[in-house]
Amino acid sequence: MVAIPQPGSFELIDDPIALTQALVHMDSSNPSIGATSGAGECTIARCIQSWLAHRQIEVHRIEPTVGRPSIVGVVRGSGGGKSLMFNGHLDTVSLSSYLDDPLSGRISEDRIYGRGSADMKSGVAAAMIALAKAKDLDLKGDVIFTGVSDEEGDSIGTAQVLQAGWTADAAIVSEPTNLELLTSHKGIVILEVNIYGIAAHGSRPDLGVDAIAHAGYFLVELDRFLKELQQSPGHPNIGPGSIHASIITGGQEVNSFPAQCTIQLDRRTIPGETPESVEQEVRGLLQKAAENVPHLNFDVKITLSQPAFHISSEHPFIALTRQVIEQKIGHPPTLSGAPYWTDCGLLSAHGIPSLLWGPSGGGLHAEEEWVDIHSITHVTEALTEIARQYCA
């Protein structure tokens, strides 16, 4: 068993398992999501910054949004080689849903437990150790670590790192993929639909128009559209897109006709679908509902959009990565896709060939979260070897 590091010894940790434990000890729950405000990334960012500086690794703090820092560490090559980025998010979801001690980092039966152990402090630890090892590899190209804020929210961290000018010839996001190599995942578009009625006393249906009742016609069309999406062939790796109503609000008091009903929609997209095409779909559904409700008044706006991600399995970076991973885990990695979203979407949209590969774990966003310690070692060794070959 690896001993849990004592406070103040963080900078001295050179083992990825112990480093994962130490990161889990830190509350970095996202303050912009959940019912209660999380601690944020300031403490974990400061510790990682010190860890990198202790090893004389070039380090930068990116913080356009005060209190939401991201950390960039760079091992400079001698020149003339390709650059490689390791990307991982420092935030976690809320601690409140965790049954046991969410910050314990305890080890039991070859698993580290705690919030963020899998998602994704183990992947961050592996990337940090691989970056440090790159100093001794005499590489021509740069190796860059980006520990980013807010991936569990709006992903402002990776967006801000890219806006600050940090880029690379290729990138690996070490989210927990159970050692599967993911070459695609879905995007996301969040929309807000407002259906308008006319407020009036509940006893005056001759004067009032029920916005909630009118919204029901739209919801029926939405349900039909979801079934159509699910029956479509979709993307070969990740299947069809999806849509659902997540939050519905409307009305002021029980004895009045509601003047407005607001519906928030979650639309998961596949490569080729755009925020504009999604908005047109939703407007089409509203117009169809209007065929049954004369003078249906509405508006639609997109409140968040993140792009889908895909890289060809024939890309040279995939070939190199597959070969290294096979050597480290003893068998060819499974190539697949994911239904969820990651920062691969932003990196890929920025023109950086990216892939998603990381440790094995379970309980992401759930009551008990864990990561397999052997997989952390595999990922650390593989990332180091990928850097050695790609940046040579």
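Each residue is numbered by its place in its chain's sequence as written, counting from 1. Note on the predicted model: pLDDT of at least 70 is required for a residue's local features to be given, and 80 or more for side-chain atom pairs to be given and counted; whole-chain, interface and lining totals, by contrast, use all residues. Side-chain calculation: all heavy atoms of the structure are included, whereas hydrogens and water are not.

Focus: the overall build of the protein
And step 1. What the protein contains, in helices and strands, is 9 helices and 19 strands.
And step 2. For a compact globule the rule gives 2.2 Å times the number of residues to the power 0.38, and the radius of gyration it is set against comes from C-alpha atoms. In terms of C-alpha radius of gyration, the protein reaches 24 Å, essentially the compact-globule figure of 21 Å for 392 residues.
And step 3. For the protein, the spread of C-alpha atoms along the three principal axes comes to 80 × 45 × 40 Å.
And step 4. Accessibility here uses a 1.4 Å probe with only protein chains present; expressed as a share of the type maximum, an area under 20% marks a residue as buried, one over 50% as exposed, and anything in between as partly exposed. Across the 392 residues in the protein, those meeting the buried criterion constitute 52%.
And step 5. Note on definitions: a residue-residue contact is assigned when non-hydrogen atoms from the two residues lie within 4.5 Å. Considering only intrachain contacts with a sequence separation of at least 6, the fraction spanning at least 24 residues in the protein is 76%.
And step 6. Areas reported as accessible are Shrake-Rupley estimates using a 1.4 Å probe. Residue values count occlusion only from the protein chains shown. Counting every atom, the protein has about 16600 Å² of accessible surface; 50% of that belongs to carbon and sulfur.
And step 7. Charge counting follows a simple rule: Lys and Arg are positive, Asp and Glu are negative, and His as well as the terminal groups are ignored. Just so you know, the charge point we use is NZ for Lys, CZ for Arg, CG for Asp and CD for Glu. Across the protein, the mean location of the 25 positive side-chain charges is 3 Å away from that of the 46 negative side-chain charges. What counts as a helix is a DSSP run of H or I of at least four residues, what counts as a strand is a run of E of at least two, and both are numbered from the N terminus.

Overview of unusual backbone geometry
And step 1. Residue Met120 follows Asp119 across a cis peptide bond; omega there is -5°.
And step 2. Looking at where Met120 falls in the secondary structure, it is placed in helix α3 (residues 117–134).
And step 3. Residues other than glycine seldom take positive phi values, yet Asn178 does so here, at roughly 55°.
And step 4. Relative to the helices and strands, Asn178 is located in the loop between β7 (170–173) and β8 (181–185).

Quick look at the packing of aromatic side chains
And step 1. Pairing of aromatic rings covers Phe, Tyr and the six-membered ring of Trp, with a centre-to-centre limit of 6.5 Å; geometry is then stacked below 30 degrees between planes, edge-to-face above 60, and tilted otherwise. Considering all chains together, one arrives at 1 aromatic pair under this definition.
And step 2. Directly above the ring of Trp51 sits Arg55, whose terminal nitrogen or CZ lies 3.8 Å from the centroid.
And step 3. Whether a charge lies above a ring is judged from NZ of Lys or CZ of Arg, which has to be within 6 Å of the ring centre and within 35 degrees of the ring normal. Over the ring of Tyr113 we find Arg106, and its NZ or CZ is 4.3 Å from the ring centre.

Observations regarding the UniProt feature "domain: Peptidase M20 dimerisation" (unreviewed entry) in the protein
And step 1. UniProt positions are given in the numbering used here, feature names are shortened, and annotations may be inferred rather than shown by experiment. What UniProt calls "domain: Peptidase M20 dimerisation" (unreviewed entry) maps, in this numbering, to residues 183–292.
And step 2. End C-alpha atoms of residues 183–292 are separated by 43 Å, and the span's content is 33% helix alongside 33% strand.

Notes on the nonpolar core
And step 1. With 76 residues, the main nonpolar core has Phe10 and Ile48 as its most contacted residues.
And step 2. Among the elements that make up this core, the one with the highest residue count is α3 (11 residues).
And step 3. Setting aside residues no more than four positions away along its own chain, Phe10 makes contact with Leu19, Ala22, Leu23, Met26, Cys47, Ile48, Trp51 and Met128.
And step 4. In this text, buried Ala, Val, Leu, Ile, Met, Phe, Trp, Tyr and Cys residues form a nonpolar core when linked through side-chain atoms within 4.5 Å. Leu191, Ile195, Leu286 and Ala289 belong to the second largest nonpolar core, which has 22 residues in total.

Looking at the state of the cysteines
And step 1. Note on terminology: pairs of cysteine sulfur atoms within 2.5 Å are recorded as disulfides. Per the counting criterion, the structure on display carries 0 disulfides.
And step 2. With no disulfide of its own, Cys47 lies 11 Å from the sulfur of Cys42, the closest cysteine sulfur.
And step 3. For Cys47, a relative accessible area of 19% gives the class buried.
And step 4. Considering cysteine sulfurs only, Cys344 is the nearest to Cys391, which forms no disulfide, with 17 Å between them.
And step 5. For Cys391, a relative accessible area of 0% gives the class buried.

Structural notes on the sheet that holds strand β14 (residues 297–306)
And step 1. The strand order β11-β13-β9-β14 describes an open sheet built from 4 strands, whose pairing is antiparallel. Because the sheet does not close on itself, it has two edges, and the strands there are β11 (242–250) and β14. Strand-to-strand, the axes of this sheet are offset by a mean angle of 20°, without reference to chain direction.
And step 2. Where β11 lies against strand β13 (residues 260–269), 8 bridges are found, and the strand directions are antiparallel. In the sheet register, Ile248 faces β13, and the bridge partner there is Ile263.
And step 3. Comment: axis = line fitted to C-alpha atoms, over the contacting stretch for helices; angle = value between 0 and 180 degrees taken between N-to-C directions. Helix-sheet contacts for helix α5 (residues 211–231) involve β9 (187–196), β11 and β13, and the interaxial angle to β11 is about 165°.
And step 4. Helix-sheet contacts for helix α6 (residues 275–289) involve β9, β11, β13 and β14, and the interaxial angle to β14 is about 155°. When DSSP finds at least two bridges between two strands, those strands are taken to pair.

What about the packing of helix α1 (residues 16–25) against α3?
And step 1. Between α1 and α3, the least distance of the axes is 8 Å, while the angle of their chain directions is 130°. As far as their axial angle goes, α3 and α1 are oblique. For α1 against α3, the interelement crossing comes out right-handed. Residues Pro16, Leu19, Thr20, Leu23 and Val24 of α1 form the contact with α3, whose participating residues are Ser117, Lys121, Ser122, Val124, Ala125, Met128 and Ile129.
And step 2. Charged residues are taken to be Asp, Glu, Lys and Arg, nonpolar residues to be Ala, Val, Leu, Ile, Met, Phe, Trp, Tyr, Cys and Pro, and polar residues to be all remaining types, Gly included. The class makeup of the residues in the contact of α1 with α3 is 8 nonpolar, 3 polar and 1 charged. Angle categories are assigned with fixed cut-offs, so that under 35 degrees is roughly parallel, over 145 is roughly antiparallel, 65 to 115 is roughly perpendicular, and the rest are oblique. A clockwise turn of the near helix away from the far one marks a right-handed crossing, whereas an anticlockwise turn of less than a right angle marks a left-handed crossing.

A closer look at α3
And step 1. For α3, spanning 18 residues, the distance from its first C-alpha to its last is 24 Å, which sits close to the expected 26 Å at 1.5 Å a residue.
And step 2. For α3, a buried count of 17 out of 18 residues is recorded, marking the element as mostly surrounded by other parts of the structure. In a helix, the anticipated span is given by 1.5 Å times the number of residues less one.

Topic: the sheet that holds strand β19 (residues 370–372)
The strands making up a sheet associate through hydrogen bonds between their backbones, and the pairing can be parallel or antiparallel.
And step 1. If you walk across this open sheet you meet the 4 strands as β4-β5-β19-β18, and the pairing is antiparallel. The open sheet terminates on both sides in strands that have one partner only, identified here as β4 (107–108) and β18 (361–362).
And step 2. When β18 meets β19, the two strands line up antiparallel, connected through 2 bridges. Pairing of Gly362 across the sheet is with Trp370, part of β19.
And step 3. Sheet strands touched by α1: β4, β5 (111–113) and β19. Its angle to β5, the strand with the most contacts, is close to 15°.

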